[in-house]
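Read off the chains here:
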Amino acid sequence: MPITDLFATAISRHLEIPFPTPRLASIAQRTLSVDKELKVDQVKRILTANGDKLIVDFDCSSVKMLRVSATSFFEMLTMVTSTMEQFDVDE
C-alpha cells in the first residue's frame, strides 16, 4: 500500500506544549527533531516551535501506532525538560 493511501485514513493529533520561554521551546524542538520515527511508513511526526510553544503533529496509520509514537515522544520530552530544569542557565 503506498504511503499516500495509508495516510488517507490517518489518525491525527495536534498538541501544543507550553514552555517558559521561546528559547526553551526552540531548544526542545531542535533536540527532539533529531530522533526520527522508527516506522516512517506508519507514523509521521512534525515538530515546530512557535513562540513559547512546542507544536507536535502526529499522523499515524492506526490508533495503536499513535499510542506507541505519543508514548515514546512523551518519554523523550520528559527527559529533555528534566535536563533543562537541571542544567539550563538564562542567557
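The protein chain goes by Transcription factor Pcc1 in an unreviewed UniProt entry, where it is assigned to Umbelopsis vinacea. Quoted verbatim from the Sequence similarities (unreviewed entry) heading of the UniProt record, the comment on the protein chain is "Belongs to the CTAG/PCC1 family."

Engineer: Lay out the packing of aromatic side chains with the relevant residues and their values.
Structural biologist: Within the structure shown, the criterion is met by 2 aromatic pairs. Residues F58 and F73 carry aromatic rings whose centres are separated by 5.9 Å and whose planes lie at 80° to one another, so their mutual orientation is edge-to-face. Residue F58 is found in strand β3 (residues 53–60), and its partner F73 is found in helix α3 (residues 63–87); the two are separated by 15 residues along the sequence. Classification of F58 as buried rests on a relative accessible area of 1%. Since its relative accessible area comes to 0%, F73 is described here as buried.

Conventions used here
- In this numbering scheme, every chain counts its residues from 1 along its sequence in written order.
- A pLDDT threshold of at least 70 governs which residues receive local features in this predicted model, and a stricter bar of 80 or more applies before side-chain atom pairs are shown or counted, although totals over entire chains, interfaces and linings include all residues.
- Where side-chain values are given, they derive from all heavy atoms of the structure, hydrogens and water being excluded.
- UniProt positions are given in the numbering used here, feature names are shortened, and annotations may be inferred rather than shown by experiment.
- A pair of Phe, Tyr and Trp rings is counted when the ring centres sit within 6.5 Å of each other, with Trp represented by its six-membered ring. The angle between the planes then sorts it: under 30 degrees is stacked, over 60 is edge-to-face, the rest tilted.
- Going along the chain from the N terminus, every DSSP run of H or I of four or more residues is numbered as a helix, and every run of E of two or more is numbered as a strand.
- In this scheme, a residue with accessible area under 20% of its type's maximum is buried, one over 50% is exposed, and one in between is partly exposed, where area comes from a 1.4 Å probe on protein chains only.

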